[in-house]
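Listed below, chain by chain, are the residues.
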Amino acid sequence: SDHDERSFDEYYKKMPWLKLDYQERRKKERLAKKFKVTGIPTLLLIDGDTGNIICPDAIDQVLEDDPEGKYFPWKQE
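Residues numbered from 1 in each chain as written. Predicted model: local features only at pLDDT ≥ 70, side-chain atom pairs only at ≥ 80, totals over all residues. Heavy atoms only, no water.

Engineer: I keep staring at the domain arrangement of the protein chain and nothing clicks. Help me out?
Structural biologist: Quite often, the size of an interface is put as the accessible area lost when its parts meet. For the protein chain, the assigned domains read domain 1 (1-37) and domain 2 (41-76). Taking the mean C-alpha position of each, domain 1 and domain 2 sit 18 Å from one another. Listed by partner, the interface residues are five residues for domain 1 and nine residues for domain 2. Together, the buried faces of domain 1 and domain 2 total about 600 Å²; carbon and sulfur atoms form 85% of this surface. The largest per-residue losses of area from domain 1 upon contact with domain 2 belong to Trp17, Phe35 and Val37, which jointly make up 78% of the total buried on that side. (Domains from an automatic or database assignment. Contact = heavy atoms within 4.5 Å. Buried area = accessible area lost by both parts, 1.4 Å probe.)

Engineer: Would you take a moment to explain the packing of aromatic side chains for this structure?
Structural biologist: The geometry of an aromatic ring pair is captured by the separation of the ring centres together with the interplanar angle, meaning the angle of the planes. Going through the model one piece at a time under the given rule, you end up with two aromatic pairs. With centroids separated by 5.0 Å and ring planes inclined at 90°, the aromatic side chains of phenylalanine 72 and tryptophan 74 adopt a geometry described as edge-to-face. Tryptophan 74 sits in the buried class, given a relative accessible area of 12%. One Lys or Arg, lysine 19, reaches over the ring of tyrosine 12 and ends 5.0 Å from the middle of that ring. (Phe/Tyr/Trp six-rings, centres within 6.5 Å; stacked < 30°, edge-to-face > 60°. Buried < 20%, exposed > 50% of the residue type's maximum accessible area, 1.4 Å probe, protein only. Lys NZ or Arg CZ within 6 Å of the ring centre and 35° of its normal.)

Below, the structure written as structure tokens:
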């Protein structure tokens, strides 16, 4: 969601997870729409088989609630 690639690269340096390349703007827009992403950073865990969201607030889990991953994958009930 950054406005230019330089801002994107600077912001990403602080993030410990994988990313889409900045050039993949169309894919980013489709994913944001599909998963109703309204802000950054957003980290969702998605089931690779079904495409369903496993955990909608994974960033909170990583940064605050469970930074050591003891309860990973934080499946929603």
